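An overview of the molecular structure
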Amino acid sequence: MRHGKKINHLGRKTAHRHSMLANMACSLVEHKRINTTVAKAKALKQFVEPLVTKSKEDTTHNRRLVFAKLRQKEAVAELFRTVAPKVGDRPGGYTRIIKLGNRLGDNADMAMIELVDFNEIYNAGKATKKKSTRRSRRGSGTGTEAAAAKAAPAKAEKEAKKEEE
């Protein structure tokens, strides 16, 4: 039974795994997209997303927390300066994993992991739509009733204007 074993160890000891994920995260922040295996991309996604969430609020404390994970001053600066403002309104889901097929040498499943808001080609076709809020359907009736309800106040206003004249 594998109760409580969420982390993919990627065939590495803890220190090696943490260093590898930190280096891959720095490369992702610097280049905005990297190619790697699917397993490493999934592990990197779990590693990077909380850091991007922390970078949305630029405080000294958050910078120190992110620096403790990334261990590169330039990557932390890039994350807080360029990445955070672009993803500021997004409520999570900052990375996208795209499967690329198998590697020639060892037939490993390859994937490209990228920061979602930095892909101009993918986002160019989509127009920025206005955020809509979900409203209950309690107040709406059939189309004719709704139109009549909207027209009633307008009629009352016109009649009031006629009486004033």
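Residues numbered from 1 in each chain as written. Predicted model: local features only at pLDDT ≥ 70, side-chain atom pairs only at ≥ 80, totals over all residues. Heavy atoms only, no water.

Secondary structure assignment for the protein yields six helices and three strands. In the protein, the succession of helices and strands from N to C terminus is α-β-α-α-α-β-β-α-α. Looking at the protein as a whole, 30% of its 165 residues are labelled buried. Contacts in the protein between residues at least 24 apart in sequence constitute 56% of all its contacts with a sequence separation of at least 6. Counting every atom, the protein has about 12500 Å² of accessible surface; 53% of that belongs to carbon and sulfur. (Helix = DSSP H or I, 4+ residues; strand = E, 2+ residues; numbered from the N terminus. Buried < 20%, exposed > 50% of the residue type's maximum accessible area, 1.4 Å probe, protein only. Contact = heavy atoms within 4.5 Å. Areas by Shrake-Rupley, 256 points an atom, 1.4 Å probe, with all protein chains shown as cover.)

For the rest of this paragraph, the subject is the sheet that holds strand β3 (residues 109-115). If you trace the three strands from one edge of the open sheet to the other, you get β1-β3-β2, paired in antiparallel fashion. Of all strands in the sheet, those bounded by a partner on one side alone are β1 (33-37) and β2 (95-102). Ignoring strand direction, the axes of neighbouring strands in this sheet form an average angle of 25 degrees. Looking at chain direction, β2 and β3 are connected through seven bridges and run antiparallel. Bridge pairing in β3 places Ile97 opposite Ile113. The sheet strands contacting helix α1 (residues 14-31) are β1, β2 and β3, and the helix crosses β1 at an angle near 145 degrees. Contacts from helix α2 (residues 38-55) reach β1, β2 and β3, with the element oriented near 130 degrees to β1. (Pairing = 2+ DSSP bridges. Axes fitted to C-alpha atoms, helices over the stretch in contact; angles between N-to-C directions.)

The subject of this paragraph is the environment of Cys26. Following the sequence through the fold, Cys26 ends up in helix α1. It is 8.7 Å that separates the C-alpha atoms of Cys26 and Arg71, two residues lying 45 residues apart in sequence.

Time to look at the pattern of salt bridges. The tally for this structure, following the rule as stated, stands at six salt bridges. Where Glu114 meets Arg96, a salt bridge forms, and the shortest distance between an N and an O atom there is 2.7 Å. Highlighted residues: Glu114 in strand β3 and Arg96 in strand β2, separated in sequence by 18 residues. We note that Glu114, like Arg96, is buried. Three or more residues are tied together by salt bridges with common partners; here these are Arg33, Arg96 and Glu114. (Salt bridge = Lys/Arg side-chain N within 4 Å of Asp/Glu carboxyl O.)

Counting 31 residues, the largest nonpolar core has Leu44, Phe47, Leu70 and Leu79 as the members making the most contacts within it. Among the elements of the structure, α1, α2, α3 (60-70), α4 (73-86) and β3 are those that each provide at least two residues to this core. Residues within four places of Leu79 in sequence aside, it is in contact with Val29, Leu51, Val52, Ser55, Val66, Leu70 and Ala84. (Core = buried A, V, L, I, M, F, W, Y, C linked by side-chain atoms within 4.5 Å.)

To continue, consider the packing of aromatic side chains. Working definition: an aromatic ring pair is given by the centre-to-centre distance plus the angle between the planes. If you walk through the whole model with that rule in mind, you get zero aromatic pairs. Over the ring of Phe118 we find Lys32; its NZ or CZ atom is 5.1 Å from the centre of that ring. A cation over a ring is seen here: Arg63 above Phe80, with NZ or CZ 4.6 Å from the ring centre. (Phe/Tyr/Trp six-rings, centres within 6.5 Å; stacked < 30°, edge-to-face > 60°. Lys NZ or Arg CZ within 6 Å of the ring centre and 35° of its normal.)

With that out of the way, let us pick up the confidence of the model for the protein. The predicted structure's coordinates, where accompanied by low pLDDT, should not be read in detail. Across the protein, pLDDT averages 87, with 78% of residues at or above 70. The spread of mean pLDDT over the elements of the protein runs between helix α6 (residues 143-164), the lowest at 59, and α3, the highest at 98. (pLDDT = per-residue confidence, 0-100.)

Attention now goes to α3. Among all positions of α3, only Asn62, Val66 and Leu70 are buried. Each buried residue of α3 lies within a common arc of 65 degrees when the element is viewed along its axis, so the set occupies one face. Turned more than 90 degrees off the buried face of α3, the exposed positions are Thr60, His61, Arg64 and Ala68. Arg71 lies just past α3 and shows a positive phi near 65 degrees. (Arc of directions from axis to C-beta.)

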